[in-house]
Structure formats: C-alpha cells, structure tokens
Amino acid sequence: MKILVTGAYGLVGKSFQKIVKNSGNVQDEFFFLSRVDCDLRNTEDVYNTFETIKPDVVIHLASCVGGVYENMINNYNYFLDNTRLNLNIVDACNKFGVKRLINILSTCIFPDKGIVYPLTSDQLHNGLPHDSNIGYAYSKRILHLASKLLTKKSRNFQVINLTPTNLYGCDDNYNLESSHVIPGLIHKMYNCKNENIPLKINGSGASMRQFVYVDDLCRIIYRFIYLEVSDDNISVVVSPPVEDEIFISELVNEICKCFDYYNFYYDSTFSDGQLKKTASCDELLRYLPDFKFTSLEIGLKETVEFFVKNYYSVRK
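Residues numbered from 1 in each chain as written. Predicted model: local features only at pLDDT ≥ 70, side-chain atom pairs only at ≥ 80, totals over all residues. Heavy atoms only, no water.

(A) Quick look at helix H1 (residues 11-23). In a regular helix each residue adds 1.5 Å, so 13 residues correspond to 18 Å; H1 covers 19 Å between its end C-alpha atoms and thus fits that length. Turning to H1, its buried residues number three or more, namely Leu-11, Val-12, Gly-13, Ser-15, Phe-16, Ile-19 and Val-20. At its buried positions, H1 is contacted by strand S1 (2-6), strand S2 (29-32), strand S3 (57-60), strand S6 (166-168) and helix H7 (214-226). Gly-24 sits one or two positions beyond H1 and adopts a positive phi of about 75 degrees. (Helix = DSSP H or I, 4+ residues; strand = E, 2+ residues; numbered from the N terminus. Expected span 1.5 Å × (residues − 1). Buried < 20%, exposed > 50% of the residue type's maximum accessible area, 1.4 Å probe, protein only. Contact = heavy atoms within 4.5 Å.)

Next comes the structure, spelled out in structure tokens:
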C-alpha cells in the first residue's frame, strides 16, 4: 500500500515519521512531502505528484497556520492559501482514485457561540467561528465539506476527519511572533530566564484549553490508516478527557516548573481569543477504546528539554 503524507516536515509530520519508523512497518511505502517537493496551492504540482506516486491513502497534514495573533493579522491570506491547497488535495484524491483520506482539522474552527459543550463533530457548521481565526477556520470547513461530498460521488472513497484540540510537541514552531501558545511561552520563558527579566504574557490567562501531545495524535493517525470501518465519512474529535481542560494561567505555572523560573506578569490589554473550546474524548474512544493520552506534565517536560537541548536548530 502507498501512503502519501502532506506537510510531513512540520510539527505533526516529523512526529508521524518517528511513529512510522518505530512501528517497524516494511510492507507499506510511505511518501513524506514537504513544500519543496510540491506546492500544494498549485493544482498542476499536486496532480503531477499524485500521478507519480499513485497513493492508496493520503494523510493531509499540510496547512498555513499560526498563533492567535498571527491568525488575526493574516486571516485573508490564510483563507486563500489553505482553501487552495485543501481543494487541490480533495480533487486529486478524486482524480487519482485514492481510497482513504485522513484530514487533520482543529477545534478552533468550531462555532464561537451557540454550541453545546463538550464539542462534538456534528456541531462543526452550526455557527460562525471566532473572528480571530475565521479565515483559517473556513478553509478547514471547506475541506470537511468537500471531502464529505466526494464520499457521496465515489463509492470507493472514505474520509476520516480527525479534529485535535491544541497540539504541542518537540518539533513545533517556536517563532516569537507566529507560534502557538505552548512553544511561544517556552521560547519566551527561556529568553527571560537567561536575561533574568520578567516575562510578559499576552492576555489575562483566563481562557481554557485542552492540549494534545503531538505523538499521541500521530499514534492515532497511524491506527486509523489500518482501522476497518464501514462508514464512508467519519469525524472524530481528538481530545483528552474533559477534566484535563486547564486555564492558560495553569499552563503558565506548569511551564514555570519546567524552567524553575517564576518571574512573569499578564498584560490583559491583549485578547484572550476564544475563551473555551471544551471537547470530549468519547468520539475517539468509540473507535480506539484502549487509547491513553500522555499527561501534560510529561509532554511539557519532554518538549522543554528538547527545546533547550536543540535551541540553535529548532524552528524559531
């Protein structure tokens, strides 16, 4: 079986390569694409890549994404770029007879208001997403819809939409301007500790999040490649249990422990973004009832240690 992985050199992609390597799988052929190999926004590039590889399964990890403030600044560009690449992938699956497409979505694309917590996949299109990331959110909703429509057109096509809560892990983007909350805090705290100055944290710390260690998501993706399912269109929220949701202020405290540095303050003139996105692990456990998530304490410790050890080579 031939398995094509887009976005294979980002946070999720590098982790997934590690999971594949550790699996000892020598029967299947994996193709790991980077933006150098193929510009997914370019239809001709995508068609040529699919025609060459002829994949049976596509794992679509690629996206243009940033943290809450980066999203607010670049909503238009994120909408255009992600919509183009997402539709190119779905259409190539149609054109070249792909049997299964595994999409990675995000809980940030759910409606901001009028939903029932915890989040469930059937609420995805029930209202507007939060203004802070509306461009990225709608591009992912288009991916979700296009994939579903293709299952109705082709009897030999299955789509599995995995929607993780906030991801973090070793090979993240630690850029101080465009990173997500955990890698951004890790980098800033590292700098502040070295300079012995207080860390300013944008926002009040009052928003709540559930965090998924990226290796956990990749173990889930790997299992869904081979899982026998009868439904053509499956959507699963990937989240630790509801009780694992924490305030950003609690996250800050956990990162402080990793660095043994507690000199920080909040600047509440900055937006907190969406205040909560509580999700349940129930949908995932229907398919993988034995799955266990890595604790935030362990995941953060491994991530901070990796960052400090590889400071000069990580993405930043």
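(B) Representation of the layout of surface pockets within the structure. Size it by volume and the second largest pocket reaches roughly 180 Å³. Around the second largest pocket, the lining residues are Phe-211, Pro-240, Asp-244, Ile-246, Glu-254, Phe-293, Thr-294, Ser-295, Leu-296 and Glu-297. Partitioning the lining of the second largest pocket into residue classes produces five nonpolar, two polar and three charged. (1 Å grid on protein atoms, 1.4 Å probe; cavity = no way out; pocket = protein on both sides within 12 Å on 5 of 7 lines; lining within 4 Å. Points joined across faces, edges and corners; volume = space filled by probe spheres on them. Nonpolar A, V, L, I, M, F, W, Y, C, P; charged D, E, K, R; others polar.)

(C) Geometry of the state of the cysteines. This model, assessed by the stated rule, comprises zero disulfides. Here Cys-192 is not cross-linked by a disulfide; its sulfur's nearest cysteine counterpart is in Cys-256, at 10 Å. When its relative accessible area of 8% is taken as the criterion, Cys-192 is described as buried. Note on Cys-281: no disulfide assigned, nearest cysteine sulfur contributed by Cys-218 at a separation of 19 Å. Since its relative accessible area comes to 10%, Cys-281 is described here as buried. (Disulfide = S-S within 2.5 Å.)

(D) View of the packing of aromatic side chains. Taken as a whole and assessed by the stated rule, the structure comprises 15 aromatic pairs. Between Phe-16 and Tyr-222, the aromatic rings sit 6.5 Å apart at their centres with planes inclined by 50 degrees, giving tilted as the arrangement. Placement of the pair is Phe-16 in helix H1 and Tyr-222 in helix H7, with a sequence separation of 206 residues. Each of the two residues, Phe-16 as well as Tyr-222, counts as buried. (Phe/Tyr/Trp six-rings, centres within 6.5 Å; stacked < 30°, edge-to-face > 60°.)

(E) Molecular detail of helix H2 (residues 43-53). Among the residues of H2, those classed as buried are Val-46, Thr-49, Phe-50 and Ile-53. Viewed along the axis of H2, the buried residues span an arc of 95 degrees, placing them on a single side of the element. Exposed side of H2, more than 90 degrees from the buried face: Glu-44 and Thr-52 are the residues found there. On the buried face of H2, the contacting elements are S1, S2, S3 and helix H4 (75-95). Its side-chain oxygen at 3.0 Å from the backbone nitrogen of Glu-44, Asn-42 defines the N-terminal cap of H2. Lys-54 sits one or two positions beyond H2 and adopts a positive phi of about 55 degrees. (Arc of directions from axis to C-beta. Polar contact = N/O pair within 3.5 Å; in protein donor to acceptor, adjacent residues only side chain to side chain.)

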